[in-house]
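Coordinate analysis (summary)
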Amino acid sequence: MLNFITALIRPENLEIILQSITDTIKCDWRWYTVGDLKVNSSIINKIHPNQIIMYAPEKHDHYLDCGNTPRNIALDSIKDGWVYILDDDTVLHPNFFNCFTRGIKYYPGSAGYTFFCAYPDGTIRNIPPQHSYNHIDTGCFIFRREVIGNTRFDVNNRNAESSFYKEIYCKYSPYIIHITDVGAYLNFLKIPQDILDFQK
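Residues numbered from 1 in each chain as written. Predicted model: local features only at pLDDT ≥ 70, side-chain atom pairs only at ≥ 80, totals over all residues. Heavy atoms only, no water.

Here we look at the packing of aromatic side chains
- Evaluated as defined, the whole model comprises 15 aromatic pairs.
- Ring geometry for Phe 96 versus Phe 115: centroids 5.7 Å apart, planes at 80 degrees, classification edge-to-face. Of this pair, Phe 96 sits in helix H4 (residues 96–106) while Phe 115 is found in strand E6 (residues 112–118), placing the two residues 19 residues apart along the sequence.
- When its relative accessible area of 1% is taken as the criterion, Phe 96 is described as buried.
- Looking at Phe 115, the relative accessible area reads 2%, which means it is buried.
- Here the guanidinium or amino end of Arg 71 rests over the ring plane of Phe 153, the centre of that ring lying 5.0 Å away. (Phe/Tyr/Trp six-rings, centres within 6.5 Å; stacked < 30°, edge-to-face > 60°. Helix = DSSP H or I, 4+ residues; strand = E, 2+ residues; numbered from the N terminus. Buried < 20%, exposed > 50% of the residue type's maximum accessible area, 1.4 Å probe, protein only. Lys NZ or Arg CZ within 6 Å of the ring centre and 35° of its normal.)

A closer look at helix H3 (residues 68–77)
- Here H3 lies mainly inside the structure; seven of its ten residues are buried.
- Those residues of H3 that fall on the buried side of the exposure criterion are Asn 68, Thr 69, Pro 70, Arg 71, Asn 72, Ala 74 and Leu 75.

Let's talk about the pairing of strand E4 (residues 82–85)
- Alternating residues of E4 divide into Trp 82 and Tyr 84 and Val 83 and Ile 85, and every residue in both groups is buried.
- One ladder, built from four bridges, connects strand E1 (residues 2–8) with E4; its direction is parallel. The residue of E4 that forms the bridge with Ile 5 is Ile 85. (Pairing = 2+ DSSP bridges.)

Focus on the pattern of salt bridges
- On inspection of all chains with the given rule, the structure shows six salt bridges.
- The partner of Arg 10 in a salt bridge is Asp 88, with the nearest N and O atoms 2.5 Å apart. Within this pair, whereas Arg 10 is found in the loop between E1 and helix H1 (14–24), its partner Asp 88 is found in the loop between E4 and strand E5 (91–92), the two being separated by 78 residues in sequence.
- Between Arg 71 and Asp 87 there is a salt bridge, with the nearest N and O atoms lying 3.0 Å from each other. Of the two residues, Arg 71 is situated in helix H3 and Asp 87 in the loop between E4 and E5; the sequence distance between them amounts to 16 residues. Comparing Arg 71 with Asp 87, the two get one shared label, buried. (Salt bridge = Lys/Arg side-chain N within 4 Å of Asp/Glu carboxyl O.)

A few points about the pairing of E1
- Of all seven residues making up E1, seven are buried, and the element is well covered by its neighbours.
- The two faces of E1 match: Leu 2, Phe 4, Thr 6 and Leu 8 on one face and Asn 3, Ile 5 and Ala 7 on the other face are all buried.
- Bridging between E1 and strand E2 (residues 29–36) involves seven bridges; their strand directions are parallel. Bridge pairing links Ala 7 to Val 34 in E2.

Listed below in C-alpha cells is the structure:
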C-alpha cells in the first residue's frame, strides 16, 4: 500500500496531483489530503474514492509550520504500508513507480528509498539526499510506515523536512537505498504555464 500525504493550501491543484497519481501508480494506494484551515477555509472536494480528507486545526503558526501540522495529522492516521509526502505544488514523475518497484525488487528489506527530483526549468536535483541533510525535500524520499515510528515534522521549524529525514536516516542508513532516477517534479504547480503544459 502506498500512502500519499498532501498538506493542502492550493486546492485548485488537486485534479492535477490526482492525475499524476492515477497515471503512474499500479498498486493499492490511499491519498490523505489535509486542509490547512489557518490558510484556506474552503472545503476540500472528494475527487477519488481513495482520497481521505482531513483538516488541521486553526491554532498553529503557518509561517513556521509550512504544512507540518497537516502532515503529522495524516501520519497519525496511517498504520502500515509506505509513506510519501506529495506536496500540493509537486507531481509524480512518470518514473516514480519504476523507482519504487525497482527498490522493492532489488532491495526488498529496505527501510526506504531516495531518488532524484526535477525542477520546472529541467534542472535535476542529483545530489544523493543522504549526503545533503540540509537540502532534502520531502519529494525525494519514501519510507515504510514502521520505520517512521513516532518521528514527526517539527511544527516550529521551517526546515522540518530535513530534520525529519535525518532522524530516520541516522537510525536506518544501511537500509535506505538511493535510486539514481527521477521520481518527482518539485515546485511544478507554482508556475501556471507548467500546469497548462502538463494537462495537454
